[in-house]
Amino acid sequence: MSEKDFIAHHQASIENGNFQWSAPSNIALVKYWGKKDKQIPANPSISFTLNNCKTITKLAFVKRGFSTALDVTSSDFSFDLLFEGKPKENFKPKIQKFFERIEIYCPYLKDYHFTIDTENTFPHSSGIASSASAMAALAINIMSLEKALNPAMTEDFFCQKASFLARLGSGSACRSVKGSVVVWGNHVEINDSSDLFGIEFPSQLHANFKNYQDTILLVDKGEKQVSSTVGHDLMHNHPFAEQRFAQAHQNLSAIKTVLENGNLEEFIKIVESEALTLHAMMMTSLPYFILMKPNTLEIINKIWKFRNETKTPVCFTLDAGANVHVLYPENVRENVLQFIKDELVGYCQNGNYICDAIGNGSQLIIDN
Ligand code: DP6
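The structure displayed is predicted, hence computed values, not measured ones.

Asks: Any chance you could explain the packing of helix H6 (residues 264–283) against helix H7 (residues 294–310) here in plain terms?
Replies: Packed helix pairs are characterised by how far apart their axes lie and by the angle those axes make with each other. At a minimum axis separation of 14 Å, H6 and H7 run at an interaxial angle of 165 degrees. The orientation of H6 relative to H7 falls into the category roughly antiparallel. Read as a crossing pair, H6 and H7 show a hand that is left-handed. Here Ile268, Glu272 and Leu276 of H6 lie close against H7, whose contacting residues are Ile300, Trp304 and Arg307.

Given below as structure tokens:
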């Protein structure tokens with residue numbers, strides 16, 4: 001598939017309707033950090049799709065010119081944005097930018113007035129990035145409209161283009177359409193992998209990873225000092241960029257084998273090394289920055305101690321922030337949750353953490 005295969009051409013006409021989809025967050029095991037023009041990743045990445053942390057978005061649309069109250073000129077996009085039922089003006093520029101980026105692929109967008117009504121299942125300002133789930137949920141809703149305009153569209157194309165559009169909103173969002181493990185970015189050993197959209201991990205996932213747990217420890221809920229977009233940018237001219245991109249390819253090869261054979265010791269090595277490398281890239285950028293907090297390090301050390309002492313296969317990963325994702329198999333859930341309650345909750349802001357697990361991807365809620 002190339003970019004031009006995603007340009008919509010023949011459409012039927014449809015006056016109004018609404019859809020509602022949920023799309024989950026995801027946590028990368030091999031990280032995307034650094035990108036080229038047009039949201040093309042500098043290296044391939046792989047993630048677990050989550051189950052509980054999601055965005056639920058309703059898209060209502062009405063053809064412009066059919067209601068006298070609405071602008072009939074269609075010179076610009078026309079949409080209202082509601083967050084948890086209330087207008088949210090400061091989210092609008094992001095959506096405007098997203099529409100501008102995807103317009104070439106969705107030329108029907110200016111024909112409609114949209115009401116986008118969105119909410120998250122996780123607390124607002126929990127420090128959990130909502131851009132992946134939010135952009136995925138919006139992209140999939142738009143694809144529901146496109147499918148209504150072009151009913152012959154296949155299921156595969158629907159998902160690919162939803163992921164393709166989501167990527168243009170936020171790179172990691174392209175990994176939030178499908179479950180339960182998603183690869184984004186060209187990799188020689190992964191058939192059909194693409195820089196343009198995420199695909200389901202094509203091998204059989206080992207039983208050790210069934211219902212794998214992710215407990216998210218909310219260390220810092222504040223606004224990040226450096227956004228991911230700025231961080232990605234700092235990988236241009238980064239002294240270790242080329243080595244890092246090559247390493248991500250190697251780690252993806254290695255984790256592919258691990259996800260097939262269930263070797264948790266190897267899994268832990270790759271995942272923790274990826275998390276620390278991500279933050280090492282931040283610390284060695286110019287300007288340099290640190291997103292971990294003292295409690296992030298306290299938690300990491302406690303996890304290492306607990307793992308050494310109990311031989312429990314529990315590990316951590318980090319996204320671009322201070323929160324810690326604690327990853328472990330379902331069969332040690334009780335012990336790990338007890339350990340979290342006894343030893344880690346004290347390092348969380350207001351004692352807050354979220355229990356999640358590997359999930360199946362986006363879900364259609366309303367279709368009319
Ligand atoms: C550290 O997808 O948020 O979470 O494409 O600029 O929106 P943009 O960046 P974003 O970056 C995510 C970075 C990461 C690693 C990952 O999810 O792979």
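We are not done yet, so read on.
Asks: Is there a simple way to explain the environment of Pro239 in this structure?
Replies: Considering the arrangement of structural elements, one finds Pro239 in the loop between helix H4 (228–233) and helix H5 (241–261). Look at Pro239 and you get exposed, because its relative accessible area is 52%. Taking the C-alpha atoms as reference points, Pro239 and Ser285, 46 residues apart in sequence, are found 7.9 Å from one another.

Asks: Is there a simple way to explain the sheet that holds strand E12 (residues 324–328) in this structure?
Replies: Sheet strands pair via backbone hydrogen bonds, and the direction of the pair is either parallel or antiparallel. Across the sheet, four strands lie side by side as E11-E12-E10-E13; this open sheet has antiparallel pairing. Sheet topology places strand E11 (315–318) and strand E13 (353–357) at the edges, where each strand pairs with a single neighbour. With strand direction ignored, the average angle separating the axes of adjacent strands in the sheet is 25 degrees. Sheet topology places strand E10 (residues 213–217) next to E12; five bridges connect them, and they run antiparallel.

Asks: Would you mind showing me how to read helix H3 (residues 155–169) here?
Replies: Structurally, the α-helix is built with 3.6 residues per turn, so residues lying three or four positions apart point the same way. Along its 15 residues, H3 runs 21 Å from first to last C-alpha, staying within 8% of the 21 Å computed at 1.5 Å per residue. The buried count for H3 comes to eleven of 15 residues, which makes it a mostly enclosed element. Where the residues of H3 are buried, they touch strand E1 (16–30), strand E3 (40–41), helix H1 (92–102), helix H2 (131–149), strand E8 (181–184) and strand E9 (198–200).

Asks: Would you take a moment to explain the side chain of Lys35 for this structure?
Replies: Mapped onto the secondary structure, Lys35 falls in strand E2 (residues 35–36). With no salt bridge to any partner, buried Lys35 finds its closest opposite charge in Asp233, at an N-O distance of 7.0 Å. Once residues lying within four places of it in the same chain are set aside, the contact partners of Lys35 are Ile40, Pro41, Ala42, Thr229, His232 and His236.

Asks: What is the right way to look at the site of the ligand in this model?
Replies: Not every one of the 15 residues close to the ligand is listed here, only the nearest: Tyr32, Lys35, Ser170, Gly171 and Ser172. At 2.7 Å, a side-chain N or O of Lys35 approaches an oxygen atom of the ligand. Within the contact set of the ligand, an oxygen atom lies 3.3 Å away from a side-chain nitrogen or oxygen of Thr229. A per-element tally of the shell around the ligand places H4 first, with three residues. Looking at the shell around the ligand residue by residue, the classes come out as five nonpolar, seven polar and three charged. The two domains that each donate at least three residues to the shell around the ligand are domain 1 (3–204) and domain 2 (213–357).

Asks: Before we go on, may I ask you to explain the packing of H5 against H6 in this structure?
Replies: Running from N to C, H5 and H6 point in directions that differ by 160 degrees, and their axes come no closer than 10 Å. Viewed along their axes, H5 and H6 adopt a mutual orientation that is roughly antiparallel. Between H5 and H6 lies a crossing of left-handed hand. On H6, the residues touching Arg244, Gln247, Ala248, Asn251, Ala254, Ile255, Val258 and Leu259 of H5 are Glu266, Phe267, Ile270, Val271, Ser273, Glu274, Thr277 and Met281. When its residues are assigned to classes, the contact of H5 with H6 shows nine nonpolar, four polar and three charged.

Conventions adopted
Residues numbered from 1 in each chain as written. Predicted model: local features only at pLDDT ≥ 70, side-chain atom pairs only at ≥ 80, totals over all residues. Heavy atoms only, no water. Axes fitted to C-alpha atoms, helices over the stretch in contact; angles between N-to-C directions. Helix = DSSP H or I, 4+ residues; strand = E, 2+ residues; numbered from the N terminus. Parallel < 35°, antiparallel > 145°, perpendicular 65-115°, else oblique. Left-handed = near helix turned anticlockwise from the far one by under 90°. Contact = heavy atoms within 4.5 Å. Buried < 20%, exposed > 50% of the residue type's maximum accessible area, 1.4 Å probe, protein only. Pairing = 2+ DSSP bridges. Expected span 1.5 Å × (residues − 1). Lys, Arg positive; Asp, Glu negative; His and termini not counted. Salt bridge = Lys/Arg side-chain N within 4 Å of Asp/Glu carboxyl O. Near = heavy atom within 4 Å. Polar contact = N/O pair within 3.5 Å; in protein donor to acceptor, adjacent residues only side chain to side chain. Nonpolar A, V, L, I, M, F, W, Y, C, P; charged D, E, K, R; others polar. Domains from an automatic or database assignment.

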